[in-house]
Amino acid sequence: MDLALQDQLDLEAFTSNCMPQFIRRLSRVERPLVLDLGPLSNGNLGFLAGELGYRVRVEDLSHARAGPLDQAAASLKLPEGRFLGVLAWSLLEQLDEEGARSLVKRLRSALTPGGLLIAFFSGRAGVEAPVQQFNFIDSQRLIIRQTRRRARRRDLANREVLELFQAFESVQSFILKSGVREFLFRRPGRMSWSVGPS
């Protein structure tokens, strides 16, 4: 584990209830393809690709040169039915309503039937805050780092989150001690767990 992450462990680490389920299900597949919506973390790449054996595609919208996050998300091009998992992190609460709906629609198309998506929502409305980078400690524990990029957050009630993901099946949702909510969603349909997509 990165020493910088170890230094922050006592203050910023949290235990995820959804991530172990995400990892368990994807690990049934040989070398599953996962989409990480960033920000880019070399430690996460090392954990996902090195320790778990996943194939990872990172689309770090926080480092996009063209305008705000909404603009970067709108220009994101994804192949259809390729990914078994999507790590959306807290990106969706940093997009406007139209941008979030559009991206969720494209993420659903990018997932293979039965594929999983995990997302976090802080519930701090109207606050312009640093874009968060989630870092793996292990399959259950993560640390949140603040990046230099700033974005305004939307406060989505649980009802609004479920409406945003109405084309998905809700697998799990939890409220952490910090007030952050985590959700695990599944694209409907049956997937063969024996092999991953090409």
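To be clear, the structure that these remarks concern was listed above.
Rules used in this analysis
- Residues numbered from 1 in each chain as written.
- Predicted model: local features only at pLDDT ≥ 70, side-chain atom pairs only at ≥ 80, totals over all residues.
- Heavy atoms only, no water.
- Helix = DSSP H or I, 4+ residues; strand = E, 2+ residues; numbered from the N terminus.
- Buried < 20%, exposed > 50% of the residue type's maximum accessible area, 1.4 Å probe, protein only.
- Contact = heavy atoms within 4.5 Å.
- Pairing = 2+ DSSP bridges.
- Right-handed = clockwise from strand over helix to strand, strands pointing away.
- Salt bridge = Lys/Arg side-chain N within 4 Å of Asp/Glu carboxyl O.
- Axes fitted to C-alpha atoms, helices over the stretch in contact; angles between N-to-C directions.
- Phe/Tyr/Trp six-rings, centres within 6.5 Å; stacked < 30°, edge-to-face > 60°.

Caption draft 1: Representation of the overall build of the protein in the model. When helices and strands are counted, the protein shows seven helices and nine strands. Buried residues in the protein amount to 48% of all 198 residues. In the protein, once contacts between residues fewer than 6 apart in sequence are set aside, the share between residues at least 24 apart is 72%.

Caption draft 2: Focus on the pairing of strand β5 (residues 111–121). With 10 of 11 residues buried, β5 is to be regarded as a mostly interior element. Across five bridges, the pairing between strand β4 (residues 83–89) and β5 is parallel. Directly across from W89, in β5, lies its bridge partner A119. Running through helix α6 (residues 97–110), the crossover from β4 to the neighbouring parallel element β5 is right-handed. Summarising the sheet, β5 and strand β9 (residues 181–186) pair through six bridges and their orientation is antiparallel. Across the sheet, residue F120 finds its bridge partner in β9, namely E182.

Caption draft 3: A look at the pattern of salt bridges. Throughout the structure, instances matching the rule amount to seven salt bridges. In this structure, the salt-bridge partner of R141 is D138, at a minimum N-O distance of 2.8 Å. R141 sits in the partly exposed class, given a relative accessible area of 32%. D138 sits in the partly exposed class, given a relative accessible area of 24%. In the salt-bridge network here, residues are joined through shared partners; they are E97, R101 and E163.

Caption draft 4: Quick look at helix α3 (residues 19–26). Of all eight residues that make up α3, six are buried, and the element is covered over most of its length. Turning to α3, its buried residues number three or more, namely M19, P20, Q21, F22, I23 and L26.

Caption draft 5: Seen up close, the sheet that holds strand β2 (residues 33–36). Overall, mixed pairing links the six strands, which are arranged β3-β2-β4-β5-β9-β8 in an open sheet. The outermost strands of the open sheet, each flanked by one partner alone, are β3 (55–58) and β8 (169–175). Neighbour to neighbour, the strand axes of the sheet diverge by 15° on average, direction disregarded. Helix α4 (residues 42–51) contacts β2, β3 and β4 of the sheet and is inclined by roughly 150° relative to β3. Sitting on the sheet, α6 touches β2, β4 and β5, and the angle it makes with β5 is about 140°.

Caption draft 6: Layout of the packing of aromatic side chains. Enumeration over the complete set of coordinates arrives at 12 aromatic pairs. Taking 5.8 Å as the distance between ring centres and 70° as the angle between the ring planes, the aromatic pair formed by W89 and F136 counts as edge-to-face. Placement of W89 in strand β4 and of F136 in strand β6 (residues 128–136) is noted, with a sequence separation of 47 residues between them. Accessibility assignment for this pair places W89 and F136 in one class, buried. Between F165 and F168, the aromatic rings sit 5.3 Å apart at their centres with planes inclined by 75°, giving edge-to-face as the arrangement. Judged by relative accessible area, which is 9%, F168 ranks as buried. Among the aromatic residues, ring-to-ring pairing joins F14, F47, W89, F120, F134 and F136 into one connected group.

Caption draft 7: A look at unusual backbone geometry. A cis amide bond links G38 with the next residue in sequence, P39, at an omega value of 5°. Structurally, the position occupied by P39 is in the loop between β2 and α4. Of note in the backbone geometry, R31 takes a positive phi value of approximately 50° without being a glycine. Along the chain, R31 turns up in the loop between α3 and β2. Look at R31 and you get partly exposed, because its relative accessible area is 47%. The phi torsion at W89 lies on the positive side, around 50°, for a residue other than glycine. The buried category is assigned to W89, whose relative accessible area is 2%.

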